[in-house]
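Structure at a glance
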Amino acid sequence: RPSIIESSLEDPEPGWISGLKVGDPLVIAYGKGVLPDFPARPGSALDMIPVDLVVNAVVGAATQASSAEVRVYHVATSGENPLLNSTMFSYVREYFLEHPMCNKNGKVPELKPLTLPSRRRFSTKIFVKYRFPLAVGQWLVARLPGRLASSRVKRRLSAQKKRLERVLYYTNLFSPYTFLDCRFETKSLLAFFESLPAQEKRAFNMDVRSIRWETYYKEIHLPGLRKHVLKEGNGADPLLDDESVEVESSS
């Protein structure tokens, strides 16, 4: 049973990924300067696992199949190698400060330290700072004479509304999980891994303790997202174009 499957640690190459997974749209939104806050319980563990460790575990578990019993292997990190949400977002911010995501005009967004407010405080801030001003702007534009309400302004307001709606969709979808602090034991998986010969350990790494989260996020996962999913330079915006990316969850 895997937790949130993310980009590969090593195979087929570091950072390989086929679509935006679970919280990745929120990470990209932060990198674009769109999402300065996210409702969450500060200090909760995020349970993510590189896809190649999951594949290795599946191959290994297949050799242990038995008609006499059902064996369950948790392929997860929160028990043995937890990544706290506050720590993860600090890595994300450091990465985007060093490798910014410029907009179409080449402007670098301002990235303030991301806060993790309660749901109520988050909703209030989103309304005051974004939803209400946007609604007022659209109301005014709709009542201006045609020569004053340019199509450019209308397109910009429409794009802002769509971007905000998608950000809110993802925060509403995933915020119930960000207030939990569950830890999944991987004793069975690690015991099986330790029983393997040294050569098979190297070929089928499933040791979740080996992940160095800062290196993974800043040097593997985020560059992999930009290379394999965003394909920067093709004009696609994953927060506006529903068909530009695939968003998946895992259970």
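Counting restarts for each chain, with residues numbered from 1 along the sequence as it is written. A pLDDT threshold of at least 70 governs which residues receive local features in this predicted model, and a stricter bar of 80 or more applies before side-chain atom pairs are shown or counted, although totals over entire chains, interfaces and linings include all residues. Derived side-chain values reflect all non-hydrogen atoms in the structure, with water molecules and hydrogen atoms excluded from consideration.

Let us look at the packing of aromatic side chains. The geometry of an aromatic ring pair comes down to the distance between the two centres and the angle between the two planes. Note on ring pairs: Phe, Tyr and Trp rings are taken, using the six-membered ring of Trp, and paired if centres are within 6.5 Å. Classes follow the plane angle, with under 30 degrees stacked, over 60 edge-to-face and the rest tilted. Tallied over the full model, the rule gives five aromatic pairs. Ring geometry for Y95 and F96: centres 5.2 Å apart, planes at 70 degrees, overall edge-to-face. Note on Y216 and Y217: the rings are 5.8 Å apart at their centroids and 80 degrees apart in plane angle, and the pair reads as edge-to-face. The two residues Y216 and Y217 agree in class, both being buried. Among the aromatic side chains, those forming a connected cluster through ring pairs are W213, Y216 and Y217. Each ring is checked for a lysine NZ or an arginine CZ that lies within 6 Å of its centre and within 35 degrees of its normal; such an atom marks a charge sitting over the ring. The aromatic ring of F184 is capped on one face by R1, whose charged end is 4.5 Å from the ring centroid. Sitting above the plane of the F179 ring, R119 keeps its charged end 4.1 Å from the centroid. Each residue's exposure class comes from its accessible area (1.4 Å probe, protein chains only) as a fraction of the maximum for that residue type: buried when under 20%, exposed when over 50%, partly exposed otherwise.

Here the focus is the confidence of the model for the protein. In this model, the protein carries an average pLDDT of 84, and 90% of its residues clear a pLDDT of 70 or more. Per-residue confidence from the predictor is reported as pLDDT, which spans 0 to 100. Any pair of residues with heavy atoms lying within 4.5 Å of one another is described as a contacting pair. Long-range and interchain partners of residues 242-251, a stretch whose pLDDT sits below 50, account for 24 contacts in this model, where long-range means more than four residues apart.

Let us look at unusual backbone geometry. A cis amide bond links D11 with the next residue in sequence, P12, at an omega value of 0 degrees. Here P12 lies in the loop between β1 (4-6) and β2 (20-21). The way it works is that DSSP assigns letters per residue, a run of H or I at least four long becomes a helix, a run of E at least two long becomes a strand, and they are numbered from the N terminus.

Mapped onto the fold, V59 is located in helix α2 (residues 51-62). With 102 residues separating them along the chain, V59 and K161 place their C-alpha atoms 45 Å apart.

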